[in-house]
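# Coordinate inspection notes
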Amino acid sequence: MAEVLLYHHIQGLTDGVRAFADELRQAGHTVHTPDLFDGRTFDSIDEGFAFAREAGFEAIRERGAAAAEAYGPELVYAGFSFGVMIAQRLAQTRPGARGALLMYSCIPVAEFGGAWPEGVPVQIHGKEGDEFFDEDLPAARELVASTSDAELFVYPGDQHLFADSSLDAYDPEASALLMERLKGFLATV
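Residues numbered from 1 in each chain as written. Predicted model: local features only at pLDDT ≥ 70, side-chain atom pairs only at ≥ 80, totals over all residues. Heavy atoms only, no water.

### With respect to the overall build of the chain
- Within the chain one finds six helices and six strands.
- Along the chain, helices (α) and strands (β) appear in the sequence β-α-β-α-α-β-α-β-β-α-β-α when read from the amino end.
- A globule of 189 residues ought to have a C-alpha radius of gyration of about 16 Å, and the chain, at 15 Å, matches this closely.
- When the backbone C-alpha atoms are referred to their principal axes, the chain occupies close to 40 × 35 × 35 Å. (Helix = DSSP H or I, 4+ residues; strand = E, 2+ residues; numbered from the N terminus. Rg over C-alpha atoms; globule rule 2.2 N^0.38 Å.)

### Focus: the side chain of Gln123
- Residue position: Gln123 is located in strand β5 (residues 122-127).
- The buried category is assigned to Gln123, whose relative accessible area is 3%.
- Of the polar contacts made by the side chain of Gln123, one reaches the side chain of His125; its length is 2.8 Å. (Buried < 20%, exposed > 50% of the residue type's maximum accessible area, 1.4 Å probe, protein only. Polar contact = N/O pair within 3.5 Å; in protein donor to acceptor, adjacent residues only side chain to side chain.)

### Observations concerning the pattern of salt bridges
- If you walk through the whole model with that rule in mind, you get seven salt bridges.
- Across the pair Arg61 and Glu58 runs a salt bridge, and its minimum N-O distance is 3.7 Å. Placement of both Arg61 and Glu58 in helix α3 (residues 57-67) is noted, with a separation of three residues, approximately one turn of the helix.
- For Arg61, a relative accessible area of 18% puts it in the buried group.
- Taking relative accessible area as the criterion, Glu58 reaches 44% and is therefore assigned partly exposed.
- In this structure, Arg94 engages Glu69 in a salt bridge whose closest nitrogen and oxygen atoms are separated by 3.9 Å. Taken together, the positions of Arg94 in the loop between α4 (82-93) and β4 (99-103) and Glu69 in the loop between α3 and β3 (76-80) put the pair 25 residues apart, joining distant regions of the chain.
- Owing to a relative accessible area of 14%, Arg94 belongs among the buried residues under this scheme.
- For Glu69, a relative accessible area of 58% puts it in the exposed group. (Salt bridge = Lys/Arg side-chain N within 4 Å of Asp/Glu carboxyl O.)

### Considerations on the sheet that holds strand β1 (residues 3-7)
- With respect to topology, six strands assemble into an open sheet ordered β2-β1-β3-β4-β5-β6, the strand pairing being parallel. A single partner strand is all that each edge strand has here, and the edge strands are β2 (30-32) and β6 (150-155). In this sheet, neighbouring strand axes are inclined to one another by 15° on average, regardless of whether the strands run parallel or antiparallel.
- Inspection of the sheet shows β5 paired to β6 by six bridges, in the parallel sense. Residue Ile124 lies in a different strand from β6, and its bridge partner there is Leu152. (Pairing = 2+ DSSP bridges. Axes fitted to C-alpha atoms, helices over the stretch in contact; angles between N-to-C directions.)

Okay, here's the thing in structure tokens:
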């Protein structure tokens, strides 16, 4: 079974993110969910961004990277939206990464080095009409084209945080398919 370090989205470590992690745990995986917002959650993406801006985006990202030091190097790094930047950075730069799961976002590979690391599989998930994911779709396609260890899954709809069961954006059908694909991925790393 895999050990996963899962970073929450901009609305914080919500009950929906916790439930998502719990479902992976029930499948036998070890899942760590660092709370980068110290218990704060937000009712909207805008409120979460306002908090992160005030706290400092880079300071929060550095706290996320530092959280990885508490665990061994052989992790699958996973992130939802805001958390993708941390997860992708660690998957690309921290030796021993077992894989990456990037949900609702993808950063250009060049941001963290010249190429995606060999032998580190990655899945990217997002909705085709999601205004935030649409901005990242070219980077996702470029990453997938750069390595045989990458898969891109684009779901119908426009909800951004669609796998968080505690938010209005929740899409049970797409979330179930996402979870099925993640479990399949984690069974192979």
